[in-house]
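Listed below are the residues making up each chain.
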Amino acid sequence: MKITVVGTGYVGLVTGTCLAETGNDVLCVDIDKNKVAKMQNGEVPIYEPHLDILFERNINAGRLKFTTELEEGLTHGQIIFLALPTPEDEDGSADLSYVLGVAENIGKLMTDYKVIVDKSTVPVGTAEKVTAVVAKHATVDFDVVSNPEFLREGFAVDDFLKPERIVIGSSSEKATQLMERLYKPFVRSGNPIIIMDEKSAELTKYAANSFLATKITFMNEIANFCEKVGADVDKVRIGMGTDSRIGKRFLFPGIGYGGSCFPKDVKALHKSGKDNLYNFQILDAVINVNNKQKTALIPKVVSHLGEDLSGKTIAIWGLAFKPETDDIREAPSLYIIDELLSRGATLKAFDPEAMDNVQRKLGDKITYADSMYDAIENTDALIICTEWSIFRTPNFQKLRENLKAPIIFDGRNLYDIAEMEKEGFTYFSIGRKNVL
Ligand code: UDX
Ligand code: UDX
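What counts, and at which threshold
- Residues numbered from 1 in each chain as written.
- Chains lettered and ligands numbered in written order.
- Predicted model: local features only at pLDDT ≥ 70, side-chain atom pairs only at ≥ 80, totals over all residues.
- Heavy atoms only, no water.
- UniProt positions renumbered as here; feature names shortened; annotations may be inferred.
- Helix = DSSP H or I, 4+ residues; strand = E, 2+ residues; numbered from the N terminus.
- Buried < 20%, exposed > 50% of the residue type's maximum accessible area, 1.4 Å probe, protein only.
- Contact = heavy atoms within 4.5 Å.
- Near = heavy atom within 4 Å.
- Polar contact = N/O pair within 3.5 Å; in protein donor to acceptor, adjacent residues only side chain to side chain.
- Areas by Shrake-Rupley, 256 points an atom, 1.4 Å probe, with all protein chains shown as cover.
- Nonpolar A, V, L, I, M, F, W, Y, C, P; charged D, E, K, R; others polar.
- Pairing = 2+ DSSP bridges.
- Axes fitted to C-alpha atoms, helices over the stretch in contact; angles between N-to-C directions.
- Salt bridge = Lys/Arg side-chain N within 4 Å of Asp/Glu carboxyl O.

- In the annotation of an unreviewed UniProt entry, the protein is listed under the name UDP-glucose 6-dehydrogenase and assigned to Kordia periserrulae.
- As its UniProt record puts it under Pathway (unreviewed entry), the protein is described as follows: "Nucleotide-sugar biosynthesis; UDP-alpha-D-glucuronate biosynthesis; UDP-alpha-D-glucuronate from UDP-alpha-D-glucose: step 1/1."
- UniProt annotates the protein under Sequence similarities (unreviewed entry) with the comment "Belongs to the UDP-glucose/GDP-mannose dehydrogenase family."

So this is what it looks like as structure tokens:
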């Protein structure tokens, strides 16, 4: 099939590449000239595991192409995916200007039947808005479909190729059939393609992400309470998670959820509620608890190293909002860095993938180390913000040698308490006993 994907961020690029992988002829459109030039040169503009292999294979096979011209995109594809940014507006709502702006141009440029697919996470009622904007200019028939993505960064390729479910919101038989044909190769093992109306599909995405954010936040509150009463959240997590009604996943406490989706989606659903005279009390609490959780390590740092951190050098392991990505959008590390800098600390950071992005944002406010052990050399303590695998089994002797004092503040509960005690570390984590 001939497919056009507008917007080549994490979602658009993974969508385009994976659709090319099943034999479709895909053209990706992006307004960013540099990015398009890079991709035309065979360069993947983001870090996403396994994407590079598929990207190269499909470019070489001539199934994956790039352009800056929307008009070319519209001549090419029968199905037009919109994977455009929907950033958070000042009032917490999703900013639809990119989606609606492109929709308007699609309306003007369309010369034959198109299925326009909302892949971006958009509030309930957006398909209706997109339809209205396209219809204002369109002279030919079209359908608008809501097809939310459930791609986790770091696992996006896997999630796309082997989806647990595909949600299609459509009121057009013709569009639904085309979408089913497109997705059939991805659900051969029997996972469902769930067809519903556009609004329910739009809300499904927000409900799923907000539920997961709530699950994490609930666990963070249990972790905070564990600290008060001397319980161990890791034991509680396993005790709870083995109940299949609760499930083991997304119960890991830490320094809050971040990324390009959860923070903005929870706020957008909350705002959407308000706009429709519904007060999502749970989401209100989730937003507040998560904001606080991002800096949950700070009181521990302050209680141990003092309120004034000038003269102290602190190492930071992990900057990305989670492992296996270079994405730093809403990363808890940035909030922690802010707090530490405001208290006068000098910071030395290491992240396997996200340092360039942080450097673009923070410049020389912090220093960037060549390796995880470089980062801790001559520092007063280590703070762990992201659970990259390489941090899980470090050489503790090297850590003791490089750090001025063996102090670790772990925002991701990477290490065993008993082991840290044995290794002679002063060790703070989340929802567990401190080792002093
Ligand atoms: C985005 C949304 O933010 C998310 O809510 C949605 O679920 C999927 O799309 P992401 O893929 O991470 O997520 O977006 P981003 O990395 O911001 O990339 C968007 C791309 O669209 C950029 O490459 C940008 O240059 C491009 N773009 C933006 C256009 O091509 N045209 C525009 O008018 C605006
Ligand atoms: C999320 C959704 O999982 C995906 O389905 C959706 O479409 C896009 O948003 P993503 O943002 O890539 O994906 O990451 P995810 O793995 O969901 O993690 C989000 C945040 O929650 C991260 O900051 C992560 O550290 C945090 N998290 C996750 C926890 O704190 N504890 C957990 O148990 C799981």
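Right, picking up where we left off after that structure.
Some points on the UniProt feature "binding site: NAD(+)" (unreviewed entry) in the protein
Then, number 1: Residues annotated in UniProt with the feature "binding site: NAD(+)" (unreviewed entry) correspond here to Asp30, Lys35, Thr86, Thr121, Glu153, Lys264 and Arg329. Taken along the chain, the residues just named run across 300 residues; in space they spread out, the farthest C-alpha pair reaching 24.6 Å.
Then, number 2: You can see Lys35 is positioned in helix α2 (residues 33-40).
Then, number 3: Residue class for Lys35 comes out buried when judged on its relative accessible area of 19%.
Then, number 4: In contact with Lys35, not counting residues within four places along its chain, are Thr8, Gly9, Asp30 and Pro45.

Describing the site of ligand 1
Then, number 1: Taken together, 20 residues surround ligand 1, and among them Asp30, Lys35, Thr86, Lys264 and Arg329 come closest.
Then, number 2: Contact distances for ligand 1 include 2.8 Å between an oxygen atom and a side-chain N or O atom of Thr86.
Then, number 3: Note that an oxygen atom of ligand 1 is positioned 2.6 Å from one of the side-chain N or O atoms of Lys264.
Then, number 4: With the chains in place, 87% of the 700 Å² that ligand 1 exposes on its own is no longer accessible.
Then, number 5: For the shell around ligand 1, the secondary structure elements donating two or more residues are α1 (10-21) and α5 (97-109).

Some thoughts on the site of ligand 2
Then, number 1: Looking at ligand 2, there are 18 residues lining it, with Glu153, Phe250, Phe252, Gly258 and Lys322 nearest.
Then, number 2: Separating an oxygen atom of ligand 2 from a backbone N or O atom of Leu151 is a distance of 3.3 Å.
Then, number 3: For ligand 2, an oxygen atom lies 2.8 Å from a polar atom in the backbone of Phe252.
Then, number 4: The biggest single contributor to the shell around ligand 2 is helix α9 (residues 198-229), with three residues.
Then, number 5: Residue classes in the shell around ligand 2 are distributed as 10 nonpolar, two polar and six charged.

Considering the sheet that holds strand β9 (residues 313-317)
Through backbone hydrogen bonds, the strands of a sheet pair up, either in parallel or in antiparallel fashion.
Then, number 1: Strand order in the open sheet made by the six strands is β11-β10-β9-β12-β13-β14, with parallel pairing throughout. Each having just a single partner strand, β11 (367-368) and β14 (426-428) make up the two edges of the open sheet.
Then, number 2: Its contacts with the sheet place helix α13 (residues 298-305) against β9, β12 (381-384), β13 (407-410) and β14, and it is angled at close to 165° to β13.

What to know about the pattern of salt bridges
Then, number 1: Using the criterion set out here, one finds 26 salt bridges in the structure.
Then, number 2: Of the charged contacts, one joins Lys404 and Asp380 as a salt bridge, the two residues approaching to 3.6 Å between their closest N and O atoms. You can see Lys404 sitting in the loop between α17 (396-402) and β13 and its partner Asp380 sitting in the loop between α16 (372-376) and β12, a full 24 residues away along the chain.
Then, number 3: On the basis of relative accessible area, Asp380 is assigned to the buried category, the value being 13%.

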